[in-house]
Amino acid sequence: MEFKQQVAIKVTVNGADIRAAVAPEESLLDFLRKQCGVTDVKCGCGMGECGTCTLVLAGKVVKSCLVLAAQADGREVWTLQGLERDPLAARLQDSFARHGAVQCGFCTPGMLIAARGFLQRSPQPTRAEIREALSGNLCRCTGYQKIVDAVWAVAYGDAAEQERA
């Protein structure tokens, strides 16, 4: 008979309280996808290198493949899906669409969460700072210029649009 230890957790995911039992080694990413049905967090590398699993945990932007589900106990988790009414997230989504910064979309939720967290900390960044801030999120489709342009446009509004023209 195999004994599997479980840890009871309570996590608020995108505003909904969830109680669950998880294996001690289960990642937050796997918990969200398998037990919560939250699929906008993606598993790209499982090693924290690609950023497709980026989300907000207790107010901090983290890569959920590097966080144990048990570490989220008693905390709030927000994915892009849960931030649909967040004004900054909405502006970023619109800007990504307008600038063609979305192609296959696999990296986009993590990229948007990372960009949102960055702009909250640094509302008037340089292009180099935007590139540095998003360097932990990989995109194999767009290159990065359109993504940087989209974030820049949110930071600087109409002035950024005129600069591009």
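The coordinates are above.
Keep in mind the model is a prediction, meaning the values are calculated, not measured.

Explain the pattern of salt bridges to me, please; I cannot follow it from the model alone.
Under the defined criterion, the tally for this structure stands at 3 salt bridges. The residue Arg 116 makes a salt bridge to Asp 86 at a minimum N-O spacing of 3.0 Å. Of this pair, Arg 116 sits in helix H3 (residues 108–121) while Asp 86 sits in the loop between strand E5 (76–78) and helix H2 (87–98), and the two are 30 residues apart along the sequence. Each of the two residues, Arg 116 as well as Asp 86, counts as buried. Residue Asp 149 is joined to Arg 127 by a salt bridge in which the shortest nitrogen-to-oxygen separation is 2.8 Å. Taken together, the residues Asp 149 in helix H5 (residues 145–156) and Arg 127 in helix H4 (residues 127–133) connect sequence positions 22 residues apart. Residue Arg 127 is classed as partly exposed on the basis of its relative accessible area, which comes to 23%.

Even after reading the chapter, I still don't get the nonpolar core, so can you show me in this structure?
Nonpolar side chains in soluble globular proteins tend to end up buried together. Judged by nonpolar contacts, the single largest core of 26 residues is most densely connected at Leu 92, Phe 96, Leu 119, Leu 134 and Val 151. Those elements giving two or more residues to this core turn out to be H2, H3 and H5. The next biggest cluster of nonpolar side chains, apart from the first, holds 20 residues, and it includes Ala 20, Leu 57, Val 62 and Val 77.

For this particular structure, what's the right way to read the side chain of Thr 12?
By the secondary structure assignment, Thr 12 is in strand E1 (residues 7–13). In this structure Thr 12 comes out as buried when scored by relative accessible area, which is 16%. In this structure the side chain of Thr 12 is engaged in a polar contact, spanning 2.7 Å, whose partner is the side chain of Asp 17. Residues within four places of Thr 12 in sequence aside, it is in contact with Asp 17, Arg 75, Glu 76 and Val 77.

Help me understand the packing of H2 against H3, please; the structure alone is not making it clear to me.
For any two helices packed against each other, the geometry comes down to the angle between their axes and how far apart the axes lie. Where H2 contacts H3, the axes come no closer than 10 Å and their chain directions differ by 125 degrees. Judged on the interaxial angle alone, H3 and H2 are oblique. Considering how the two elements wind past one another, H2 and H3 form a crossing that is right-handed. Touching Leu 88, Ala 89, Leu 92, Gln 93 and Phe 96 of H2 are Thr 108, Met 111, Leu 112, Ala 115, Arg 116, Leu 119 and Gln 120, all from H3.

Help me understand unusual backbone geometry in this model?
Both trends apply: most residues other than glycine have a negative phi, and most peptide bonds are in trans. A positive phi angle, close to 50 degrees, is found at Asn 14, a residue other than glycine. Along the chain, the position of Asn 14 falls in the loop between E1 and strand E2 (16–22). Here the phi dihedral of Ala 58 falls at roughly 50 degrees; this positive angle occurs in a residue that is not glycine. Secondary-structure assignment places Ala 58 in the loop between strand E3 (54–57) and strand E4 (60–63).

Where do I start with the packing of aromatic side chains in this structure?
Each aromatic ring pair is described using two quantities: the centre-to-centre distance and the angle formed by the ring planes. For the structure shown, the criterion picks out 1 aromatic pair. Aromatic side chains Trp 152 and Tyr 156 sit 4.3 Å apart centroid to centroid with 40 degrees between the ring planes, which places their arrangement in the tilted category. Remark: Tyr 156 and Trp 152 occur in helix H5; sequence separation between them is 4 residues, near one turn of the helix. Residue classification places Trp 152 among the buried residues on the basis of a relative accessible area of 12%. Taking the relative accessible area as the measure of exposure, Tyr 156 reaches 28% and is therefore partly exposed. The ring of Trp 152 has Arg 127 sitting right over it, with the charged end atom 4.5 Å from the ring centre.

The rules behind these values
- Residues numbered from 1 in each chain as written.
- Predicted model: local features only at pLDDT ≥ 70, side-chain atom pairs only at ≥ 80, totals over all residues.
- Heavy atoms only, no water.
- Salt bridge = Lys/Arg side-chain N within 4 Å of Asp/Glu carboxyl O.
- Helix = DSSP H or I, 4+ residues; strand = E, 2+ residues; numbered from the N terminus.
- Buried < 20%, exposed > 50% of the residue type's maximum accessible area, 1.4 Å probe, protein only.
- Core = buried A, V, L, I, M, F, W, Y, C linked by side-chain atoms within 4.5 Å.
- Polar contact = N/O pair within 3.5 Å; in protein donor to acceptor, adjacent residues only side chain to side chain.
- Contact = heavy atoms within 4.5 Å.
- Axes fitted to C-alpha atoms, helices over the stretch in contact; angles between N-to-C directions.
- Parallel < 35°, antiparallel > 145°, perpendicular 65-115°, else oblique.
- Left-handed = near helix turned anticlockwise from the far one by under 90°.
- Phe/Tyr/Trp six-rings, centres within 6.5 Å; stacked < 30°, edge-to-face > 60°.
- Lys NZ or Arg CZ within 6 Å of the ring centre and 35° of its normal.

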